[in-house]
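Overview (structure and organization)
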Amino acid sequence: MNINLIPVASAAGTEAMSGATAVVFDVLRASSTIVTALSSGYRMVYPVVNVEEAVQIARERGFCLAGERGGQKIPGFPMGNSPLEFSTGPVAGADILVLTTSNGTAAIRKASTAEKVLIGSIINARAVARTAISEGRDIALICAGSDGLYALEDILGAGFVLMEIVATANSVPAMDDQALTALCLARYYQQDPLAGLMEANHGKKLLGLGLKSDLRWCSRLNLYDTVPIFAGNYIKGS
Ligand code: MLT
């Protein structure tokens, strides 16, 4: 099992994912939101890249519409991209989410050429690590990034999954230096994951929007055992 890390999804080529198990990270906040929703009674999530398509699908299929741009709820949308909005379960029976976000949903779709696509975060790190190992393939850690740039929080999320892979395998598997860097970053913040999220540039932006409760939620290591799997057009929890 070889592990490589792609620091920004826009740099993810099909060769890196061919035959591999991909784990997609957008810790602040799409992957944390997806894990929380599927752990709280939502049945599936339909990730969409652009706003107009999300509105059309939600209207045609009666799904619950949710989305973010610039860290804030899209005007006119009933729900945004704060994981806390989804932690209390579906409203009015709409248990399938259509979700469009600035970075995370595009990164998930970008990973679709992999053999299997898992959604990773800090809040489901151990469960994702165990599933990725059980798949028995090479692992590609896909970090969404933010607006095409390297995002510390995504590298940190990948690092926590790597820590769990090392603990589960009781050895340090072969990995590239980008993955090794993520592992070292997680070891640095392992006593206080929230500190890492608060130092990240996007974390600071969310703090400026008054969303510290989102950062606190996204930092709760191994909160859930849900492993979201993206297949076809839908993300389902396992
Ligand atoms: C996302 O796609 O999750 C975005 O990167 C940012 C956010 O929701 O604040």
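The structure contained in this document is the topic of the report that follows. Everything numeric here is computed off the predicted structure, so don't read it as measured data.

Quick look at the overall build of the chain
Helix and strand counts for the chain come out as ten helices and eleven strands. Here the chain has a C-alpha radius of gyration of 16 Å; the compact-globule value for 238 residues is 18 Å, and the two agree. Each of the three principal axes of the chain carries a C-alpha extent, and together these read 50 × 35 × 30 Å. By residue count, 57% of the 238 residues in the chain fall in the buried class. Relative to all contacts within the chain whose residues are 6 or more apart in sequence, the contacts with residues 24 or more apart total 77%.

Side note on the packing of helix H6 (residues 152-169) against helix H7 (residues 177-189)
Relative orientation of the contacting elements H6 and H7 amounts to 90°, with a least axis distance of 7 Å. One way to sum up the angle between H6 and H7 is to call them roughly perpendicular. Together, Leu152, Ile155, Leu156, Ala158, Gly159, Phe160, Leu162, Met163 and Val166 of H6 and Ala179, Ala182, Leu183, Leu185, Ala186, Arg187 and Tyr189 of H7 make up the contact between the two elements. Residues belonging to the contact of H6 with H7 are distributed by class as follows: 14 nonpolar, one polar and one charged.

Here we look at the sheet that holds strand S1 (residues 2-6)
Sheet strands line up and pair through hydrogen bonds in the backbone, either parallel or antiparallel. What the eleven strands build is an open sheet, ordered S5-S4-S6-S3-S11-S10-S7-S2-S8-S1-S9; its pairing is mixed. Lying at the two open borders of the sheet, with one neighbouring strand each, are strand S5 (72-73) and strand S9 (174-175).

Describing the packing of aromatic side chains
Across all of its chains, the model carries five aromatic pairs by this definition. Look at Phe63 and Tyr234: their rings are 6.3 Å apart centre to centre, the planes differ by 70°, and that puts the pair in the edge-to-face class. Here Phe63 is found in the loop between helix H3 (51-61) and strand S4 (64-69), whereas its partner Tyr234 is found in strand S11 (residues 234-237), with 171 residues between them in sequence. Judged on exposure class, the residue Phe63 and its partner Tyr234 are both buried. Relative to Tyr189, the ring of Tyr188 has its centre 4.9 Å away and its plane inclined at 90°; by these criteria the two rings are edge-to-face.

Details of the site of the ligand
If you check the shell around the ligand, you find 13 residues, and the closest are Asp26, Asn81, Thr101, Asn103 and His202. Between an oxygen atom of the ligand and a side-chain N or O atom of Glu68, the distance comes to 3.5 Å. Residue Thr101 places a side-chain N or O atom 2.7 Å away from an oxygen atom belonging to the ligand. Grouping the amino acids of the shell around the ligand by side-chain chemistry returns three nonpolar, seven polar and three charged.

A look at the nonpolar core
One finds Ile3, Leu5, Leu141, Leu156, Leu162 and Leu197 to be the most contacted residues of the largest nonpolar core, which totals 39 residues. When contributions to this core are tallied by element, the ones reaching two or more residues are S1, strand S2 (21-25), helix H5 (125-135), strand S8 (139-143), H6, H7, helix H8 (193-199) and helix H10 (212-218). If we ignore the near neighbours within four places in the chain, the residues touching Leu5 are Leu141, Cys143, Ile155, Ala158, Asp176, Gln178, Ala179 and Ala182. Formed by 30 residues, the second largest nonpolar core is a distinct cluster that contains Met17, Met79, Leu99 and Ile108.

Calculation notes
- Residues numbered from 1 in each chain as written.
- Predicted model: local features only at pLDDT ≥ 70, side-chain atom pairs only at ≥ 80, totals over all residues.
- Heavy atoms only, no water.
- Helix = DSSP H or I, 4+ residues; strand = E, 2+ residues; numbered from the N terminus.
- Rg over C-alpha atoms; globule rule 2.2 N^0.38 Å.
- Buried < 20%, exposed > 50% of the residue type's maximum accessible area, 1.4 Å probe, protein only.
- Contact = heavy atoms within 4.5 Å.
- Axes fitted to C-alpha atoms, helices over the stretch in contact; angles between N-to-C directions.
- Parallel < 35°, antiparallel > 145°, perpendicular 65-115°, else oblique.
- Nonpolar A, V, L, I, M, F, W, Y, C, P; charged D, E, K, R; others polar.
- Pairing = 2+ DSSP bridges.
- Phe/Tyr/Trp six-rings, centres within 6.5 Å; stacked < 30°, edge-to-face > 60°.
- Near = heavy atom within 4 Å.
- Polar contact = N/O pair within 3.5 Å; in protein donor to acceptor, adjacent residues only side chain to side chain.
- Core = buried A, V, L, I, M, F, W, Y, C linked by side-chain atoms within 4.5 Å.

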